[in-house]
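Residue-level structural notes
Chain by chain, the residues run as shown.
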Amino acid sequence: MTNPFANIVEHLDHQKPDHKFFNLKKLGDPRYDHLPFSIRVLLESAVRNCDGFLVKEVDVENILNWKVTQSQTVEVPFRPARVILQDFTGVPAVVDFAAMRDAVKKLQGDPEKINPVCPADLVIDHSIQVDFNRKSDSVHKNQELEFERNRERFEFLKWGSKAFRNMRIIPPGSGIVHQVNLEYLARVVFDRDGYYYPDSLVGTDSHTTMIDGLGVLGWGVGGIEAEAVMLGQPISMVLPEVIGYKLRGTPDKFITSTDIVLTVTKHLRQVGVVGKFVEFFGPGVAQLSIADRATIANMCPEYGATAAFFPVDEVSVEYLKQTGRDLEKLSYITQYLKAVGMFRDYSNTAQDPHFTQVVEMDLSTVVPCCSGPKRPQDKVAVSEMKQDFLACLGAKQGFKGFQVAPERHNVTVPFQFNGAEYSLSHGSVVIAAITSCTNTSNPSVMLGAGLLAKKAVECGLTVKPYIKTSLSPGSGVVTYYLKESGVMDFLSQLGFEVVGYGCMTCIGNSGPLPEPVVEAITQGDLVAAGVLSGNRNFEGRVHPNTRGNYLASPPLVIAYAIAGTVRIDFEKEPLAVNADGKEIFLRDIWPTREEIQVVEKKFVIPGMFKEVYEKVEKVNERWNSLKAPSDKLYTWDPNSTYIKSPPFFDGLTKTLEPPKSITNAYVLLNLGDSVTTDHISPAGNIARNSAAARYLTDRGLTAREFNSYGSRRGNDAVMARGTFANIRLFNKFLNKQAPSTIYLPTEETMDVFDAAEKYLQAGHPLMILAGKEYGSGSSRDWAAKGPFMLGIKAVLAESYERIHRSNLVGMGIIPLEYLPGDTAESLGLTGRERYTVVIPSQLTPRMTVDIQLDTGKTFQAKIRFDTDVELTYFRHGGILNYMIRTMSEN
């Protein structure tokens, strides 16, 4: 079919007749000029890709009519311009593609049809751990260990880059995926196949939204959904409401972008933006650099929105110049965006679109803050940190409570380290990490940390040697400007050596703590603290021995490291007393925004970005030396503990079976609110007493060779055993935190995997009961694949995190939601009942179904299949089964 909107195609520059664009202004529709800028990106994609099959004219009309349709649960398709992956999610995606090729071949199809048609970039950034720190060669030693542990995974990825078209691999040691995306990969405007169009993307990491700060619309999706997009399928999405977030005022000179984003996160959590777009506007936006905007956009998952969009303006173009982008490209970027009405002037109120709702924030009201001790949305003003921690210490076990008996609040435990005597108490800082793309992409906070370190050293301040300090920049550019500006030496003197280029502590790759520190924490049952400049601080994520974890700006990370505790009031108490007996307060060494801007303007220059990124894909000797097979079908090694052909497609036939009711299911786990993907499928260390450890030990591996769960996502046997293996998982059956459950037929307590195995052998289907925000946290497809492997057929929860719900659908697991007002408690559910979920032959999106209990009770719940496309995936047993059957058709 010819595109029905071909009549609005025109040349952008008549000197380039082979370069065209769809001029949305030529639609001649007055509604266009009132659409939010983020919705205009969806509209352009629908217009350009309108083929009458995957994208129809009615879809274009629905998007144009957004002001009306946004409140009507209208489904629209979206074809993003590209896909981005990191290696923790990228490895299982390539494993799935390899297994899908095998499955298509078995069904007499052409296996090479399984091939990305949408450009994909895979950045290897999640594998490196902080094994070495406080040494000048830490980064080289950590990178050597990274290759030693992950060689097999890296060889597999290298095979994938050869076997599949349109897939580019950014080698390890280059930086964090979202910072590399911001500084290097982002096009802002695509020039492909003779057309200009807006850059847009989906990524297999929830913080993909960081790119929204540059005016590129993007968000995180499940790895399973991303695979379908790579194979040419549009994303089916409900047309979102758009919250206009108006920024005004000027931040105080001592405020960092981290303080702003933690304040915005708490505010938008209160507003309620789950499943919605947030679009920023107002005069305050002009006060923010692209790095500041990217910091705010990065934490979009923490406030629950789908995207956090800052439309392109002059500041965006200046950033592209600063990061060394091609000047010819900059000219057509500006020309194109102005031609289609997507270039923003934040001071021009006449450009302000219609929004679903407008909320405001005055930047002058922001105060220095942290978030914690267990969730990123729990903002704490720095002035209240000491008081808040003490309150949490005694409060009931929960998001803001550790339930430590009052008589134990002041316990101290002495220990020896490197021949000297120290002591730990509740609130002692044992990890201080400048880490995560949220902050390391922002020169203002990184240079701010460097300037604070310089002043601290000059005042004679130090950091205790047992505190695990680390600096893991998001790209080589950061190290470059920290060295050039002269602050790197001062950071090093405080223990903040560069340990690697990747997510590291933020993803849980914090590495081991010194043994004497672990023993002291264990002996005193202490609530030790980690302070990191990251975006996630869920229980059990950062490190098993840090029960209290706080997100903070890089300068504050250093401040708390110097203080050695979070039990400090910086206004009233000194950071430390120097050798001269002088009390040094935080205010004595804190740099102002003006000081930072002077240094940034002088040292963060385009030449740095060009020099670093010209080498990124070529100058990596370890990567270049890797050998990889060139066959189109992967030859699986049956002895591999990293890469294994998954059983997802075993027994798959071309014939479609009708969906069946779930009959007499047992509840495997009875869970509460805010169960995260870290609880469901941990990314960190494999505990030595876990089911996964037993599996690896049986295959001849030692504990030193276990590596992390994240690194073993290419092996379903390890990942199934790691499902619900988080030591901080609170199971109501046990009424305590443990990676265990009760096998109900015999009342035995055992590991979750072992119980699931027994249910599976007995032929019993399984379910999970949960509370609010089930699956919040990182985008993690194994948080759906793992439960699928355990035999879980449905989850019944009060609400779901957006990406996790779609991942469950993608694996054929039914997401059930209590009706408004209903909860497990109100319905009297204990989880010990057996559940029959009645699935009618004619399913419709969001329909209500009956759930019958073996007690005779019946109640209703909503099936959270939100679109017709999701129903199609479910009927096929999941999105990948659907793609295989589609690709197998002649």
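All of these numbers come straight from a predicted model, not from anything done at the bench. (Residues numbered from 1 in each chain as written. Predicted model: local features only at pLDDT ≥ 70, side-chain atom pairs only at ≥ 80, totals over all residues. Heavy atoms only, no water.)

**Comments concerning the overall build of the protein**
Across its full length, the protein holds 31 helices and 36 strands. Computed over its C-alpha atoms, the radius of gyration of the protein comes to 26 Å, within 12% of the 29 Å expected for a compact globule of 890 residues. By principal-axis analysis of the C-alpha atoms, the protein measures approximately 80 × 75 × 55 Å. Out of the 890 residues in the protein, the part that is buried amounts to 65%. Accessible area of the protein: about 31,200 Å², with a carbon and sulfur share of 48%. If the 95 positive side-chain charges of the protein are averaged to one point and the 102 negative ones to another, these points end up 1 Å apart. (Helix = DSSP H or I, 4+ residues; strand = E, 2+ residues; numbered from the N terminus. Rg over C-alpha atoms; globule rule 2.2 N^0.38 Å. Buried < 20%, exposed > 50% of the residue type's maximum accessible area, 1.4 Å probe, protein only. Areas by Shrake-Rupley, 256 points an atom, 1.4 Å probe, with all protein chains shown as cover. Lys, Arg positive; Asp, Glu negative; His and termini not counted. Charge placed at Lys NZ, Arg CZ, Asp CG, Glu CD.)

**Re the packing of aromatic side chains**
All told, the structure shown has 31 aromatic pairs when counted by the stated rule. Between F865 and F874, the aromatic rings sit 4.7 Å apart at their centres with planes inclined by 35°, giving tilted as the arrangement. F874 shares its class with F865; the two are buried. Put simply, the rings of F97, F156, W159, F164, Y634 and W636 pair up and form one aromatic cluster. Directly above the ring of Y197 sits R48, whose terminal nitrogen or CZ lies 3.7 Å from the centroid. (Phe/Tyr/Trp six-rings, centres within 6.5 Å; stacked < 30°, edge-to-face > 60°. Lys NZ or Arg CZ within 6 Å of the ring centre and 35° of its normal.)

**Remarks on the sheet that holds strand β6 (residues 167-170)**
Across the sheet, which stays open at both edges, the 5 strands sit in the order β6-β5-β4-β9-β10 with parallel pairing between neighbours. The sheet is open, and its two edges are formed by β6 and β10 (217-220), each paired on a single side. Averaged over all neighbouring strand pairs, the angle between strand axes comes to 20°, with direction disregarded. Across 4 bridges, the pairing between strand β9 (residues 200-203) and β10 is parallel. Looking at the pairing, S200 lines up with L217 of β10. With respect to the sheet, helix α6 (residues 177-185) is in contact with β4 (82-86), β5 (120-123), β6 and β9, its orientation differing from that of β4 by roughly 140°. (Pairing = 2+ DSSP bridges. Axes fitted to C-alpha atoms, helices over the stretch in contact; angles between N-to-C directions. Contact = heavy atoms within 4.5 Å.)

**Digging into the nonpolar core**
Where a protein is soluble and globular, its nonpolar side chains tend to be buried together. Judged by nonpolar contacts, the single largest core of 308 residues is most densely connected at Y560, F724 and Y774. A total of 11 residues in this core trace back to one element, the largest contributor, which is helix α4 (residues 87-106). Those residues within four positions of Y560 in sequence are excluded, and the remaining contacts are C370, V382, M385, V429, V531, T565, V566, I568 and F570. (Core = buried A, V, L, I, M, F, W, Y, C linked by side-chain atoms within 4.5 Å.)

**Some remarks on the pairing of strand β22 (residues 529-532)**
Side chains of β22 alternate between two faces, with A529 and V531 and G530 and L532 buried alike. The sheet contact formed by strand β20 (residues 429-434) and β22 spans 4 bridges and is parallel. The residue bridging A433 from the neighbouring strand is L532, located in β22. Alignment of β22 against strand β23 (residues 548-551), held across 4 bridges, turns out to be parallel. Of the residues in β23, the one forming a bridge with G530 is N549.

**A look at the environment of L145**
Structurally, L145 can be placed in helix α5 (residues 138-163). Along the chain, L145 and V130 lie 15 residues apart, while their C-alpha atoms are 10.0 Å from each other. Those residues in contact with L145 that lie beyond four places of it in its chain are D131, F132 and R704.

**Things to note about empty space enclosed by the protein**
Evaluated as defined, the whole model comprises 3 cavities of 30 Å³ or more. Volume-wise, the largest cavity comes out at about 160 Å³. Lining the largest cavity are 21 residues, and of these H126, D205, C503, I507 and R541 sit closest to its centre. Taken together, the residues that form the lining of the largest cavity break down as 6 nonpolar, 10 polar and 5 charged. Considering only enclosed or pocket space, the second largest cavity measures out at about 90 Å³ in volume. Looking at the second largest cavity, the residues that line it are F37, V41, V188, P198, D199, G215, L217, F309, P311, V312, L337 and M342. A per-class count over the lining of the second largest cavity returns 10 nonpolar, 1 polar and 1 charged. (1 Å grid on protein atoms, 1.4 Å probe; cavity = no way out; pocket = protein on both sides within 12 Å on 5 of 7 lines; lining within 4 Å. Points joined across faces, edges and corners; volume = space filled by probe spheres on them. Nonpolar A, V, L, I, M, F, W, Y, C, P; charged D, E, K, R; others polar.)

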